[in-house]
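Below are the chains, spelled out letter by letter.
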Amino acid sequence: YKRGMEVSIEERLKQGITEMVEMWPTLRLAKEQGWGQKYKNQKTVIEEEMGQDTVSLKFTGTNEEISEKIVNYLVDSVVNYEVGAKDVEDDLKDIMEINFSVIDEDETERQLANTIIKLYEELKENNSTLLNTIHEKYVKFQEKFPKKQEEPPPLIPAEVPMEDEKNEPKKKDEPDEDDDGFTIVKPKGKKKQQTSRLSF
């Protein structure tokens, strides 16, 4: 820190990534819906294929703790390993698949990865334009979607289905799953409007 006042590039990058991750629609939806929870003790296909390489991408804790671990992982990758946008995109896809059993088909990982790398490049040049833009969008996002206090999951034995879930057909708002139990996130008819929220 110069003169004890300036914030480091890494801290500003962390701020920007934190705000982007919190606004990321796929992750928000996965956490809100509890996707991946019923498979959290099972290995995903990617874990089977990659084995030990996935350990650093498997996160546990509350939704807030998982988000923080994702942010820390991304900051470390970008700053200390100087990865490119494609590497960040692949990591984001792996994080979603390993932790939430989600395969995102609307390519928000690519947008997020490109923005993260662009933000880092700008911050290294002492340019905070993109960081300020992200923060402005984040403030508006917080007004629209205020943070909810997390409640611990109810203690219900896994073998005993809840009364209203017995033999009930799949509800319309439940996510589609493939044969391996992965949640498929499909782009909606208004794809441009949805993905535009991630463009900075």
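(A) Examining the overall build of the chain more closely. Check the secondary structure of the chain and you find eight helices and three strands. When its helices and strands are written in sequence order, the chain yields α-α-α-α-α-β-α-α-β-β-α. Evaluated residue by residue, the chain yields a buried proportion of 36% over its 200 residues. Considering only contacts within the chain whose residues lie at least 6 apart along the sequence, 75% involve residues at least 24 apart. Counting every atom, the chain has about 13200 Å² of accessible surface; 48% of that belongs to carbon and sulfur.

(B) Representation of the pattern of salt bridges in the model. Across all of its chains, the model carries five salt bridges by this definition. Among the salt bridges present, the one from Arg110 reaches Glu107, with a minimum N-O distance of 2.9 Å. Among the residues examined, Glu107 registers a relative accessible area of 40% and is labelled partly exposed. Linked by salt bridges that have partners in common, Glu89, Lys93, Glu107 and Arg110 make up one network.

(C) Seen up close, the confidence of the model for the chain. Model confidence for the chain is summarised by a mean pLDDT of 77, while 64% of its residues fall at 70 or above. Scored below 50 in pLDDT, residues 1-5 makes four contacts in the model with residues more than four places away or belonging to other chains. Across residues 190-197 the pLDDT falls below 50, and counting only partners more than four positions away or on other chains, this stretch makes seven contacts in the model.

(D) The packing of helix α6 (residues 108-124) against helix α7 (residues 129-144), seen in detail. It is the contact of α6 with α7, at a shortest axis distance of 8 Å, that shows an interaxial angle of 130°. Judged by the angle between their axes, α6 and α7 are oblique. Across the interface between the two elements, Thr115, Lys118, Leu119, Glu122 and Leu123 of α6 pack against Thr129, Leu130, Leu131 and Ile134 of α7. Class assignment for the residues of the contact of α6 with α7 results in five nonpolar, two polar and two charged.

(E) How the structure looks around the packing of aromatic side chains. Enumeration according to the criterion identifies three aromatic pairs in this entry. Taking 6.3 Å as the distance between ring centres and 20° as the angle between the ring planes, the aromatic pair formed by Tyr138 and Phe141 counts as stacked. Separated by three residues within a single helix, Tyr138 and Phe141 lie in helix α7, roughly one turn from each other. The pair formed by Tyr138 and Phe141 is uniform in burial state, with each residue classed as buried. Ring geometry for Phe141 versus Phe145: centroids 5.2 Å apart, planes at 40°, classification tilted. Taken together through their ring pairs, the aromatic side chains of Tyr138, Phe141 and Phe145 make up a single cluster. One Lys or Arg, Arg28, reaches over the ring of Phe145 and ends 4.4 Å from the middle of that ring.

(F) Quick peek at the nonpolar core. Core analysis: the biggest nonpolar cluster contains 40 residues, and Leu13, Ile17, Leu74 and Val88 have the highest contact counts within it. Elements that contribute at least two residues to this core include exactly α1 (9-23), α2 (25-33), α4 (63-80), α5 (85-100), α6 and α7. In terms of residue count, the dominant contributor to this core is α4 (eight residues).

(G) Summary view of unusual backbone geometry. A positive phi angle is found at Ser101, which is not glycine, with a value near 55°. The topology assignment puts Ser101 in the loop between α5 and β1 (102-104). With a relative accessible area of 5%, Ser101 lands in the buried category.

(H) Spotlight on the environment of Ser56. By secondary structure assignment, the location of Ser56 is in the loop between α3 (45-50) and α4. Considering only alpha carbons, one finds Ser56 and Ile95, 39 residues apart in sequence, at a separation of 9.4 Å.

(I) Just α5, in detail. The first and last C-alpha atoms of α5 sit 22 Å apart over 16 residues, in line with the 22 Å expected at 1.5 Å per residue. Among the residues of α5, Val88, Glu89, Asp91, Leu92, Asp94, Ile95, Met96, Glu97, Ile98, Asn99 and Phe100 are the ones counted as buried. A positive phi of about 55° marks Ser101, the residue just after α5.

Criteria and cut-off values
- Counting restarts for each chain: residues are numbered from 1 in the order of the written sequence.
- Local features in this predicted model are restricted to residues of pLDDT 70 or higher, and side-chain atom pairs are both shown and tallied only at a pLDDT of 80 or more, whereas totals for entire chains, interfaces and linings draw on every residue.
- Computation of side-chain values: all heavy atoms of the structure, hydrogens and water removed.
- What counts as a helix is a DSSP run of H or I of at least four residues, what counts as a strand is a run of E of at least two, and both are numbered from the N terminus.
- Accessible area is worked out with a 1.4 Å probe on protein chains only. A residue is then buried under 20% of its type maximum, exposed over 50%, and partly exposed in between.
- By the convention used here, residues are in contact when the closest approach between their heavy atoms is within 4.5 Å.
- All accessible-area figures derive from a Shrake-Rupley calculation using a 1.4 Å probe, and residue coverage is judged against the displayed protein chains alone.
- By definition, a salt bridge exists where a carboxyl oxygen of Asp or Glu is found within 4 Å of a side-chain nitrogen of Lys or Arg.
- Scored between 0 and 100, pLDDT is the confidence that the predictor attaches to each residue.
- Only C-alpha atoms enter the line fits that serve as axes; for helices the fit covers just the stretch in contact. Angles between N-to-C directions range over 0 to 180 degrees.
- Any angle between 65 and 115 degrees counts as roughly perpendicular, while under 35 counts as roughly parallel, over 145 as roughly antiparallel, and the rest as oblique.
- All residues other than Ala, Val, Leu, Ile, Met, Phe, Trp, Tyr, Cys, Pro, Asp, Glu, Lys and Arg, Gly among them, are scored as polar; the first ten of these are nonpolar and the last four charged.
- Stacked, tilted and edge-to-face pairs are distinguished by plane angle, under 30 degrees for stacked and over 60 for edge-to-face with tilted covering the rest, among Phe, Tyr and Trp rings (Trp via its six-membered ring) whose centres lie within 6.5 Å.
- Each ring is checked for a lysine NZ or an arginine CZ that lies within 6 Å of its centre and within 35 degrees of its normal; such an atom marks a charge sitting over the ring.
- Only buried residues count toward a nonpolar core. Its members are Ala, Val, Leu, Ile, Met, Phe, Trp, Tyr and Cys residues joined through side-chain atoms within 4.5 Å.
- Expected span of a helix, by definition, is 1.5 Å for each gap between consecutive residues, and there is one gap fewer than residues.

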